[in-house]
Amino acid sequence: MRTTAALFSLILLTAPVDVMAQSSDAETITAVNTASNALDEAFVVGSADTIRSLMTADHIAVTPYYDAPTPVDEMIASLPDLKYTQTIVGEPSVSLLAPDVALRTFVAELEGSFKGKPLPKRVFVNETLVNRNGEWLERFYQVTVLEE
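Described in the following lines is the structure provided in the data block. (Residues numbered from 1 in each chain as written. Predicted model: local features only at pLDDT ≥ 70, side-chain atom pairs only at ≥ 80, totals over all residues. Heavy atoms only, no water.)

**Observations regarding the overall build of the protein**
Formally: Every helix listed is a DSSP run of H or I at least four residues long, and every strand listed is a run of E at least two residues long, numbered separately from the N terminus. A simple rule labels every residue: compare its accessible area, found with a 1.4 Å probe on the protein chains alone, to the largest value its type can have, and call it buried under 20%, exposed over 50%, or partly exposed in between. All accessible areas in this document rest on Shrake-Rupley with a 1.4 Å probe, and a residue is counted as covered only by the protein chains that are shown.
Secondary structure assignment for the protein yields three helices and seven strands. Across the 148 residues in the protein, those meeting the buried criterion constitute 33%. Surface exposure of the protein reaches about 9,000 Å², of which carbon and sulfur atoms provide 57%.

**A closer look at the pattern of salt bridges**
Note the threshold: Take a side-chain nitrogen of Lys or Arg and a carboxyl oxygen of Asp or Glu: if they are within 4 Å of each other, that pair is a salt bridge.
Taken as a whole and judged by the stated rule, the model has four salt bridges. A salt bridge links Asp 73 to Arg 52; its shortest N-O distance comes to 2.7 Å. Taken together, the positions of Asp 73 in helix α3 (residues 72-77) and Arg 52 in helix α2 (residues 48-53) put the pair 21 residues apart, joining distant regions of the chain. Residue Arg 139 pairs with Asp 58 through a salt bridge whose shortest N-O separation is 3.4 Å. Within this pair, whereas Arg 139 is found in strand β7 (residues 135-145), its partner Asp 58 is found in strand β1 (residues 55-62), the two being separated by 81 residues in sequence. Note on Arg 139: relative accessible area 27%, which makes it partly exposed.

**Let's talk about the side chain of Ser 78**
Filter applied, for reference: Only heavy atoms matter for contacts: two residues are in contact if any of them lie within 4.5 Å across the pair.
Within the element layout of this structure, Ser 78 appears in the loop between α3 and β3 (82-98). If sequence neighbours within four positions are ignored, Ser 78 has contacts with Tyr 66 and Phe 114.

**A word on the packing of aromatic side chains**
Rules: Under the pairing criterion, centres of Phe, Tyr and Trp rings, with the six-membered ring standing for Trp, must be within 6.5 Å; the plane angle then separates stacked pairs below 30 degrees from edge-to-face pairs above 60, leaving the rest tilted.
Counted under the stated rule, the structure contains three aromatic pairs. An aromatic cluster is defined as three or more aromatic residues linked by ring pairs; in this entry it consists of Tyr 65, Tyr 66 and Phe 114.

**A look at the side chain of Asn 33**
Checked against the element boundaries, Asn 33 lands in helix α1 (residues 2-45). Taking the relative accessible area as the measure of exposure, Asn 33 reaches 18% and is therefore buried. If we skip the residues at most four places from it in the chain, Asn 33 touches Pro 92, Val 94 and Arg 104.

**What to know about the environment of Ile 88**
The residue Ile 88 is located in strand β3 in this model. Between the C-alpha atom of Ile 88 and that of Leu 110, which follows or precedes it by 22 residues, the distance is 8.8 Å. Not counting residues up to four positions away in its chain, the partners in contact with Ile 88 are Asn 37, Arg 104, Phe 106, Val 107 and Ala 108.

Written out as structure tokens, the structure reads:
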């Protein structure tokens, strides 16, 4: 009987903590999505300052359209060559890997070109964001082509 009472007490004591953590997680996920969506829009409109402000200085992108893993400065330099729009299919998934690290994934449909070559139509996107001084910044971005 004591074991049952102790177990029940433990469950009651930890329940409010779980509710608070879930609420905090929801706010974090919203912040991650907001930062990522703003970065996507900055690429669509070609805003170098916004792009730089939403990425870490050591950011790397791996895509089928850049020639190699590409750092921030090279991406910004190539903005005139990038013409695209992106439509996210469904809802992005955000997993909190640590209090200051999030993994965001989604399927997207792309339209446009890079250096005059068409972009792949359907892709899987993987973004790693980190929280630096209260701001969510993208640290890593990878695009994988999916079959149509």
